[in-house]
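One letter stands for each residue in the lines below.
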Amino acid sequence: MRRKIIAGNWKMNKTPSEAVKLVEELKPLVKNDAVDVVFCVPAIDIVPVVKACEGTNIEVGAENMYFEESGAYTGEISPAMLVDAGVKYVILGHSERRDYFKETSEDINKKMKKAIEHGLVPIMCCGESLEQREQGITLDWIRQQVKVGYQGIAASDAAKTVIAYEPIWAIGTGKTATTEQAEEVCRAIRQCIAEIYDEATAEAIRIQYGGSVNAGNASELFAQPDIDGGLVGGASLKADFGKIVNY
């Protein structure tokens, strides 16, 4: 039985002092040893949030990282920096980074390999636009993202990673994929992993749904056989995140 993982993606929100205040508010609300709880926070918030989460069930994740160890990459953050700061997870390939910052699946693949090398757990995002869904190419598009993202990664490493399916048209819009749509794509992702590797790896890997997850729809979404939790955006910045964790 795969353990559920509920991760909050804070995006570009909360100053360090605001972040600590939010952690203190959420700590008693997200206490649930039956699931993995992750706060993925802006880089500047990582150190104070790690300290604020000490002694709790909360793990801390980053929202991005670069695929080089060090060097002349102004403004970037290396995996070694994240590890030293106490980070365990890192979101890679979020649609906002693919769109706004033109990250490619090949870029994500480099980051995946480097994160794994440093013992970080990547949460690799994939998802389709509304136009792609209406064209009927959702599954083809996402299979391509997954296959390129996992190219050259060993099955033993892949099994420990997390994939987050986020339909771009449902991120921050209030629209949510139906339970059937979400399960269909998450099932297709698992089948794709089985094709790349084997059934055991496909059964081990955890697949989240993201895209306007809230306290009202979490229990139905997470009850699906191929949905192993959620990557939660706006709702992770509110007390309601506790209801999602304790779905």
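Residues numbered from 1 in each chain as written. Predicted model: local features only at pLDDT ≥ 70, side-chain atom pairs only at ≥ 80, totals over all residues. Heavy atoms only, no water.

**Quick word on the packing of aromatic side chains**
Defined as follows: Any pair of Phe, Tyr and Trp rings, taking the six-membered ring for Trp, is counted once the centres come within 6.5 Å. Such a pair is stacked with planes under 30 degrees apart, edge-to-face with planes over 60 apart, and tilted for the rest. Helix numbering and strand numbering both begin at the N terminus, where a helix is a DSSP run of H or I of at least 4 residues and a strand a DSSP run of E of at least 2. Classification of residues uses two cut-offs on accessible area relative to the type maximum, computed with a 1.4 Å probe and protein chains only: under 20% is buried, over 50% is exposed, and between them is partly exposed.
Under the counting rule described, the total for this entry stands at seven aromatic pairs. Consider the rings of Y165 and Y209, whose centres lie 6.0 Å apart with planes at 55°: the pair is tilted. Placement of Y165 in strand β6 (residues 162–165) and of Y209 in strand β7 (residues 206–210) is noted, with a sequence separation of 44 residues between them. Among the residues examined, Y165 registers a relative accessible area of 0% and is labelled buried. Consider the rings of F222 and Y247, whose centres lie 5.2 Å apart with planes at 90°: the pair is edge-to-face. Of this pair, F222 sits in helix α11 (residues 218–222) while Y247 sits in the segment after α12 (240–245), and the two are 25 residues apart along the sequence. By relative accessible area, F222 is classed as buried at 2%. According to the relative accessible area criterion, Y247 is partly exposed, its value standing at 38%.

**Regarding the pattern of salt bridges**
The test is simple: Throughout this description, the term salt bridge denotes a Lys or Arg side-chain nitrogen within 4 Å of a carboxyl oxygen of Asp or Glu.
According to the stated counting rule, one finds 19 salt bridges in the structure shown. A salt bridge links E103 to K111; its shortest N-O distance comes to 2.9 Å. As far as burial versus exposure is concerned, E103 and K111 are alike and both buried. Here E128 and R133 are joined by a salt bridge, their closest N and O atoms 2.8 Å apart. Residue class for E128 comes out buried when judged on its relative accessible area of 0%. Through salt bridges with shared partners, a single ionic network connects R2, R190, E203, D226 and D228.

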